[in-house]
Structures are given as C-alpha cells and as structure tokens.
Amino acid sequence: MISIKNITKTYRDGKLTALDGINIEIAEGELFGLIGPDGAGKTTLFRILATLVQPDSGTADIAGADVVRDYALIRRSIGYMPGRFSLYQDLSILENLEFFAAVFGTTIAENYERIKPIYSHIEPFKNRRAGQLSGGMKQKLALCCALVHRPTLLLLDEPTTGVDPVSRQEFWDMLQLLKQQGLTIVVSTPYMDEARRCDRIALLQKGQILDQDSPEGIINRHALPLYSIQGPHMFALLETVRSWPGTLSCFAFGESHHVRFHDGMTAPHLEAYLKKKGLENIEIKAIAPDIEDIFIELLRTQN
Amino acid sequence: MPQILKTFSLNYCAHKTKIQMSNIIEATQLTRVFGKFTAVDHISFSVKTGEIFGFLGANGAGKSTAMKMLSGLLLPSSGKAQVLGFDVYTQSEEIKKRIGYMSQRFSLYEDLTVEENIHLFGSIYGLSKAILKEKTDALLVQLEFVDQRKTLVSNLPLGWKQKLSFSVAMLHEPQLVFLDEPTGGVDPITRRQFWEMIYAASAKGATLFVTTHYMDEAEYCDRVSIMVDGRIAALDTPKALKTQFEADDMNEVFLKLAATSNLKII
Amino acid sequence: MKVFLAFLKKEFRHVLRDRRSLAVLIGMPIVMLLMYGFALSTEVKNSRIAIVDLSKDEVTRTLIQRLDASRYFTVTEYLDNPEGADLLFRQGKARAVVVFQEGFQKSLLHTNTASVQIIADASDTNTGNTVAFYISSIIRAYQDELLTHQKLPYRIQMEAQLAYNPQLKSAFNFVPGVMVLILILLCSMLTAVAIVREKETGTMELILVSPVRPWMMIVAKAIPFLLVGLINVAMILLISYTVLGLPMRGNLLLLVAECGLFVLLALSLGLLISTRTDSQQTALFISLVGLMLPSLVFSGFMFPLENMPLPLQYISKIVPTRYFFNILKSVMIKGLGFSQVWKDTLVMAGMTVFLLGMAVRSFKMRL
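(A) Seen up close, the overall build of chain B. When its secondary structure is counted, chain B shows eight helices and 10 strands. The buried share of chain B, reckoned over its 266 residues, is 55%. For chain B, long-range pairs separated by at least 24 residues make up 68% of all intrachain contacts whose partners lie at least 6 apart in sequence.

Listed below in structure tokens is the structure:
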C-alpha cells in the first residue's frame, strides 16, 4: 500500500537532516508503528506521506499514487491526525465534525456507523467547545474527524502522547477495531510498550531506521542475553554495577535495572563483585528483552 | 556511551542555612480556578526534605498548575501552602530565590550560546563572576559539552537541551528543585541519563519535585501522587501502590485506580 | 459549493465567538471618530486675543466689540504697545494681537485708509492662519458696511468664499480622512491575521489535506469581515451625521457602495499579507505599521498631494487610500455623482481584483 524509497529531507539549507535515506514498505490493512523519540523524524515522515511537505530526494507512493505529483488524489483518501491538536478550539465537537465532514463532501449521518465506536464516547458532550476537552477526548475527536470521510489510510502522528493511560489503552483498542474494518493505519509513538500492539514497526532515530519488522521479529533478531537486577538503594546499585568491568551496559528500567555483560561474564561474577562492594540482597535474573531494551541497544551502537 | 554519573559537588554557600524542617512542602486544600475551569481541586499533601517526589498524571490533569503555585509563579485561588517554610501567597519572592525550576516548554534562550545561557541564569541567581566562571567550566566538563561552549542552544538536540536546562536550574545549588515534564519526548537513553542526574542531585541532599506523564518513571521516585482532573487520586510509595492495587507496574496501578474509583476520566 | 458554504459557516462562527475582537472592531472606530471630531478639532473657537488700541476712538471700539462678540474670539488683554505680543505668545496667553494705529478713525475718514496690524501666533501654522483669516474677515465685513454708504468709483470688491465648508468645520476634513484610515487599518488587520492564525494553531494542516481550494478559503474569510466593515461604515456615517454635524450631500447609496468597495480592497490587502507571512505577529506588524504611514501620507488627508515632489506623487498613485479619500470628499462633501468618480472607482476595483488574485496565487498548497 505504501512504498517509501530512499526519502531524504533536510532543513536549514542542509544543516539539519530530518530524514536520511528512509526505506519502508507497508502492506494494505496493516497496523504499522513508527517508534522513536522527538527529533527522530516521525513528524517529517508523516508530513511527507500526507503530501504536506516535499522530500529533498527519494519517492513515496500511496496505493500507486506519488506523494508529490498526485497529491490531490491522495489527500482525498487519507485521514490525518497531526502531532498536536489541530482542530478549532472555539467550535464545539459537533461543529468541528460537521465542518470536516462537509469539507470532504459528506455528512456525519452518512458515516455515523463508521465512527460510532469512537464517537459514542464523546457524543454526550457534542456541544462542548473543543478547547475545553480533556486530552483523551481531544484525541478521540481528532480521530473521528480523520475518519468521517471514509479514508483508506490513517496517518496518526503521536496520538497518545501525554494522554492518560486509560485513554491510551482505549485508543489502541479502537485502532484494532478500525483495522478490522480494513483500514491501513500508520501510527507514531514514543511509548515503547505500544509498539507491541502493532503488526509491524520501524524504529526511528535521528532520521535513520534502526530496524524494521514485526515486534517479535525484531526481538528475535536482536536476542541479547539480558538480566534484571534489583535491590535496596537502586541508585548506588546502578553506579556500582557500572563500575564493574564486566558490565557492557546497565540502564534503569523502573523497578529494576537491566544489565548486559561482556562475553564470558555471568551473573554469579557480578554478584560476587557486588558483595565485595558491600551490596547484599541483590536479585539477579535472566529476562527476555523487550522493544525498549533493543531500541536502547541499537541507539548505543548507532552512536 | 556517555556516562553522566560524575558527582555534582553541591557546596552549600556559607550564608545559606540548611533547612531543618521535615516537610519542605506542605499544601492544604490548595485550589486554582481559571474562570469556570478548576485546574487544581483542593489538593492536600506534603513533601519530605530530601525526597524525590513524583507528580504523575495525564496532560491537563493539573500537574503544571500545581507546580507553578508551589514555586511562587502563580497565586492559588484558595487553600494554603508553605514551601521551604515560606507562604506562597505572601512570600513568593523568597521562594523563587531559593528554588531551582525547569519547565519543559521554556528553559533556555534559543538564540544564546550554551555559555551565555549559563552566565545569564547564574547571574540572575546572584552568583558572583568568579564562582560562575568556575561552575561554568565544571559544568561543561560534566556534561561533556566543552566543545559546545559556543553553540547556540537552538542547534542542540532536544536531549542535550534538557540536560543543560537541568544543570542550569541547579547552578545555585537550590535545596528544592521543581522539574516540569523534564523528560518529554527525548530518546530512552537520554531519559535515563536525566534520571541519573536527578538521583545524583538527590544523593547530595536536594529535594526534587518532578512531574511526568511517563508512568514508568514513577518507579524512580520515593513517593508519587497521581493527579486526575485536578484532584489527587493516590499518594504513596510506588511499592505500596502496586501492592494496594495488585499491579505489576505503575501503568497498571493507574488503570486499576481509574476502574475502581469514582473518578470518571472524561 | 457545499464545501464553500461549510467554510463560510465556520468563519461566521469564529467571528461571532470572538467577543473581545468584535468589541474592539465596533468600539474603536467610534472612539477614534469622537476623538477626532471633538477633542482634536482644528477649529478656532473662543481663541484669546489681545488688543493694542493706540487710537481708542469710536471705530476701534466698534471693531473690538465685534471681535469680542464673535464666537471665535475673546478679548482677554489690552496691551499698551505691540512689543508685549511676544511675551503673551510665549506664555500662551493669546493667539493673536490686533494693533490699531494711532488716530485710526481720523485716518479712515480723512484719507480713506487706516491700517490694522494682526500679529498671529503661527507656531501652529494651521491655527495661526485661521485666526488671522477670521480676524481679517470680521474687519472686512465692517469695512463693507462702511463702504455701502459711500460711492467710490472702480472699487473692486473681493469676496473670499470657502466653498463647501465656509465655516472651515474641521469635521469635513477629518471625517473622510479618519474613515479612510480606520477602514484600511482595521480591515486589513482582520484578514491579515485570519489565515496566518490557522497556520499558527495548526488547523491549516488539516485544511490543506482536504479538497478545499484556495479561493474558497480566501473568499470565505473575507465575507464575514466585509459585513463587519460595512457595519463600521454605517456607524461612522451615523455618528458623523448626527453628532459631528457632517452633511450628507451626495447619493447615500453611491457612498455606501464605494465604502463597500474600499472595505473589500482593504480585506484583499490583508489576505495577501496573510498568505505570505508565517506568524500572526508579523502579519499584524506589516498591516499596521507597513500600511499606516503610506496610507496617511499619500492619501491627501494630512498633506496636499499637489505640494509633494513629483516622484512622491507618482508613488501616491499606487496607494489605494488616495483614491478613496478623493471619492469620499467628492461624494460626501461636494455631493458629486458617479460620473465624476468613476475613474477612481475603476482604479479601486482593479486594485481589489489584482490583490485578491495575488492572494489566491500566493496561497501555499503545502506547509
């Protein structure tokens, strides 16, 4: 459905490289995730796909239409949700939705069934001004406005950033529903745990793709022996583990730290070292890496 | 991999007396309204000296507003609050002098260089030229920014800006530091480096008050409060909250909290 | 068409909901007009004058009485000699000093001439001129009275008449001028901000991704403001007529139509600015500061165009306010009809079409 070939985009006369030779293939009906932090290039890529920005080089096709030449055609068939709230703050939910329906030559009534799973959450508040909605509601409204004209492709730029966990979960449930209706969805997010809910993902950092596959595929490909380590005085633990020459990397991961050893080193070796340093009651166990671990590893080696 | 684990040497200046109180922040029924909208709804809590206190919640829950009231930037509509022993209504200037503040939205001047920013904020907080020069050099080494001394802040990547911004907030060695969403949008490594800087500051005796919408960062805090629609829905150590709600992580705590409580998130 | 109507509906909603801006839009012209009309009048009323009467005879007394009785002057001081005039002027105690020579009546009766010296404080040239003029008019009127009783051959009687505005009422000059200024600044500012605001808040991103065509957006944004502009025009005319005493000599319909055209021109200018700037601040700056001075200087409102050096006169030919000011004066004050103003109207219409066309062309289809 989407074919992105060698897209490059720079700003400030080449001083800032937003995208550096990006290649991505997205199949029809896929739920594709672009995972990466701020400045990775996610928004730039979305804007290119939405035909709002032209790449410096490379091509991108959506269902065979070129983003530069055939932009008018593409614009009719995509639903776009930009990175920040882009609806009219002084219009109500209903007025916003009516407007975006009318602008695409349709009405809310015509597509009510399509948007109902999402719209039903906010319909009771349809006369409230968009500026007075909570983050979760704004996001649902923006999604409805993107869907109301029956697009075949949804481009959602960081729809869940900063939103409360409940709404985030609801949002991803809704995306699953939409996928079942046959929509192709491209989502970007900085939350690594959301990566798991996608069919396939691309890890993006500083304009480059670190890897691209299904979440399981990526995890399997970069199978790293990984250990979690826990104990009292976590900060002191972190410093001490890092001071051990056998540690390849050690990062805080909330409740525990995730540690990787140099070849040949094992957990008992570390335990002994820690005991010598006066750190007792340490729990070390082997764990399976998750997307965030892999992302960090790839970041480490990218530099 | 750059390790930002050099210790910060926080030498308390002679004329500053160390606060001996146990609660460095005390808030009672603190409220703030904007017209018809209640941003902060009668919250009561206290922060112990030396804690890393996490203020969690979604965007719009009221975290930033609460923080602004405690740092003397915004007057409350009602309720009481004492910060470092000073009243937020009548002694906000005293508070501002003694705290460090870092906001995600604005922190440094984009069209000034790294060095110029450090100088500017240092002078604002009354650091003498000699001390400032010494600190600037030390800071640049710690952050491994020595080559970026004369770089315009606008040309720095976001993660670097955040780290610099935090360091600038710490320049005058405040005992209480407010950090408003300091890790928004940065890559996972920078995010962790940032928390390591927070740990280091705490190890030296500073109290840190951090707001964030990343639930997993709650784990790094001594105690957390979760704000929903302007009210505090839960307040305890992460461990206690996970036990209370039988959850594996803070994200789950929030989900279960939302499900069980009367708080409807609209 | 439906798309356009949807856009129009939205624009009306925006305008009506922005209460604060509406208040300024409606309130500002009223304030400006009243300010200019009353407080900043260049009329001469109850100006203080001093007299040096070296003659102190019947004629001089009559003349002094006439001066004092007129609503333009009040005699506040009697000086012994003209040298005192300087001090009075410095102290601001008088606008003019009238000096009657010694033996005034005698001289008039016996030699048929007598001289009066009028020393006016011309540090403000406008009032200086006006004061001197009024004083001499009063004296001349008296002279005519005297002369009707005499028969003199080949006497050339000169009558200066100020056509259309014999009392030099300042409102006649100011109202058209203020109207021009208000309309061009206000209307261009409104639309200058309109499109840029969508860029700044981010709503433009979604609009661009839709089938909306540039002309739809541009026209839809102009229409609500056209109505606001016309309401402003109506208010200005109403206030001028009722409160400031401005006559409405010409065809009212023609006047309103010309005003409507000018409003449209100003809106188009604003829209063009809007399509080419990226921040509301810049747009406001360009429309306010960039337009204010040329509109003022080259309209003929403050300074007569004929007195300007030739190159500047050519510049004034591309400044829209010049044509509108002319039209306003012609229709409002002189009561002329369309046949006299069609040329200027055509120029304004042409400018509007050009600006609108440029705005549509400059509209970027991408970010």
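We are not done yet, so read on.
(B) Representation of the interface of chain A and chain C in the model. Between chain A and chain C, the contact holds 30 residues from the first and 25 residues from the second. Summing both sides of the interface, chain A and chain C together bury roughly 2,500 Å²; the carbon and sulfur share of this comes to 59%. If you sort the residues of chain A by the area they bury against chain C, Leu52, Arg75 and Tyr88 of chain A come out on top, with a joint share of 24%. Where chain A touches chain C, the interface holds three salt bridges. Across the salt bridge formed by glutamate 205 of chain C and arginine 47 of chain A, the nearest N and O atoms sit 3.3 Å from each other. The tally of links from chain A across to chain C stands at 14 residue pairs in polar contact (both at pLDDT 80 or more). Of all the elements in the fold, those that place two or more residues in the side of chain A that touches chain C are α2 (71-77), β6 (78-81) and α3 (93-103) of chain A.

(C) Up close: the interface of chain B and chain A. Residue-level contacts link 33 residues of chain B with 33 residues of chain A. In this assembly, chain B packs against chain A so that about 2,900 Å² is buried in total across both faces, 64% of it on carbon and sulfur atoms. Between glutamate 292 of chain A and arginine 191 of chain B there is a salt bridge; the shortest N-O distance is 3.5 Å. Where chain B packs against chain A, one counts seven residue pairs in polar contact (both at pLDDT 80 or more). For the side of chain B that touches chain A, the secondary structure elements donating two or more residues are α6 (188-203) and α8 (250-260) of chain B. The biggest single contributor to the side of chain B that touches chain A is α6 of chain B, with eight residues.

(D) The sheet that holds strand β1 (residues 2-11) of chain A, seen in detail. Residues and elements named next belong to chain A. In spatial order, the strands read β2-β1-β4-β5; together these four strands make up an open sheet with antiparallel pairing. A single partner strand is all that each edge strand has here, and the edge strands are β2 (16-26) and β5 (65-66). Strand direction decides the pairing type here: strand β4 (residues 57-62) and β5, joined by two bridges, are antiparallel. Bridged to isoleucine 62 within β5 is alanine 65. Across the sheet, helix α1 (residues 42-49) lies against β1, β2 and β4, angled at about 120° from β1, the strand it touches most.

(E) Region of the structure containing the packing of helix α11 (residues 291-302) of chain A against α6 of chain B. Orientation of α11 of chain A relative to α6 of chain B, taken along the N-to-C sense of each, is 95°, at an axis distance of 9 Å. Considering their axes alone, α11 of chain A and α6 of chain B lie roughly perpendicular with respect to each other. Residues Glu292, Phe295, Ile296, Leu299 and Arg300 of chain A of α11 of chain A touch α6 of chain B, and the partners they reach there are Pro188, Ile189, Arg191 and Arg192 of chain B. Its residues placed into classes, the contact of α11 of chain A with α6 of chain B shows five nonpolar, no polar and four charged.

(F) Region of the structure containing the packing of helix α10 (residues 252-276) of chain C against helix α14 (residues 338-362) of chain C. All names here are of chain C. Contact pair α10 / α14: the axes reach a minimum separation of 8 Å and the direction vectors enclose 25°. In terms of their interaxial angle, α10 and α14 are classed as roughly parallel. α14 is crossed by α10, and the crossing has left-handed handedness. Of α14, the residues touching α10 (which contributes Leu254, Glu258, Leu261, Phe262, Leu264, Leu265, Ser268, Leu269, Leu271, Leu272, Thr275 and Arg276) are Phe338, Val341, Thr345, Met348, Ala349, Met351, Thr352, Leu355, Leu356, Met358, Ala359 and Ser362. Grouping the constituent residues of the contact of α10 with α14 by class yields 17 nonpolar, five polar and two charged.

(G) Examining helix α6 (residues 125-148) of chain C more closely. Spanning 24 residues, α6 of chain C covers 34 Å between terminal C-alpha atoms, matching the ideal 34 Å at 1.5 Å per step. On its buried side, α6 of chain C packs onto β1 (47-53), α3 (58-69), β2 (73-79), β3 (96-100) and β4 (116-120) of chain C.

(H) The arrangement of helix α9 (residues 234-243) of chain A in detail. Within α9 of chain A, seven of the 10 residues are buried, which leaves it mostly tucked inside the rest of the structure. Within the span of α9 of chain A, buried status applies to Met234, Phe235, Leu237, Leu238, Thr240, Val241 and Arg242 of chain A. On its buried side, α9 of chain A packs onto β11 (226-230), β12 (247-253), β13 (256-261) and α10 (267-276) of chain A together with α6 of chain B.

(I) Structural view of the pattern of salt bridges. Residues and elements named next belong to chain A. Under the defined criterion, the tally for this structure stands at 45 salt bridges over all chains. Lysine 42 serves as the salt-bridge partner of glutamate 158, at 3.2 Å between the closest nitrogen and oxygen. With glutamate 158 in the loop between β7 (153-157) and α6 (165-180) and lysine 42 in helix α1, this residue pair connects regions lying 116 residues apart in the sequence. Judged by relative accessible area, lysine 42 falls into the buried class, the value being 3%.

(J) Region of the structure containing the pairing of β2 of chain A. Residue and element names in this part refer to chain A. Pairing geometry for β1 and β2, over eight bridges, is antiparallel. From the neighbouring strand, isoleucine 7 faces β2, where its bridge partner is isoleucine 22. Following β1, the chain reverses through four residues before pairing antiparallel with β2; arginine 12 in that reversal takes a positive phi of roughly 50°.

(K) Highlighting the packing of aromatic side chains. Residue and element names in this part refer to chain B. By the definition in use, this model includes 28 aromatic pairs over all chains. For the ring pair phenylalanine 45 and phenylalanine 55, a centre distance of 5.5 Å and an interplane angle of 40° mean the geometry is tilted. Of the two residues, phenylalanine 45 is situated in strand β2 (residues 37-48) and phenylalanine 55 in strand β3 (residues 52-57); the sequence distance between them amounts to 10 residues. The class for phenylalanine 45 is buried, based on a relative accessible area of 6%. Given a relative accessible area of 0%, phenylalanine 55 falls into the buried group.

Scoring rules and cut-offs
Residues numbered from 1 in each chain as written. Chains lettered and ligands numbered in written order. Predicted model: local features only at pLDDT ≥ 70, side-chain atom pairs only at ≥ 80, totals over all residues. Heavy atoms only, no water. Helix = DSSP H or I, 4+ residues; strand = E, 2+ residues; numbered from the N terminus. Buried < 20%, exposed > 50% of the residue type's maximum accessible area, 1.4 Å probe, protein only. Contact = heavy atoms within 4.5 Å. Buried area = accessible area lost by both parts, 1.4 Å probe. Salt bridge = Lys/Arg side-chain N within 4 Å of Asp/Glu carboxyl O. Polar contact = N/O pair within 3.5 Å; in protein donor to acceptor, adjacent residues only side chain to side chain. Pairing = 2+ DSSP bridges. Axes fitted to C-alpha atoms, helices over the stretch in contact; angles between N-to-C directions. Parallel < 35°, antiparallel > 145°, perpendicular 65-115°, else oblique. Nonpolar A, V, L, I, M, F, W, Y, C, P; charged D, E, K, R; others polar. Left-handed = near helix turned anticlockwise from the far one by under 90°. Expected span 1.5 Å × (residues − 1). Phe/Tyr/Trp six-rings, centres within 6.5 Å; stacked < 30°, edge-to-face > 60°.

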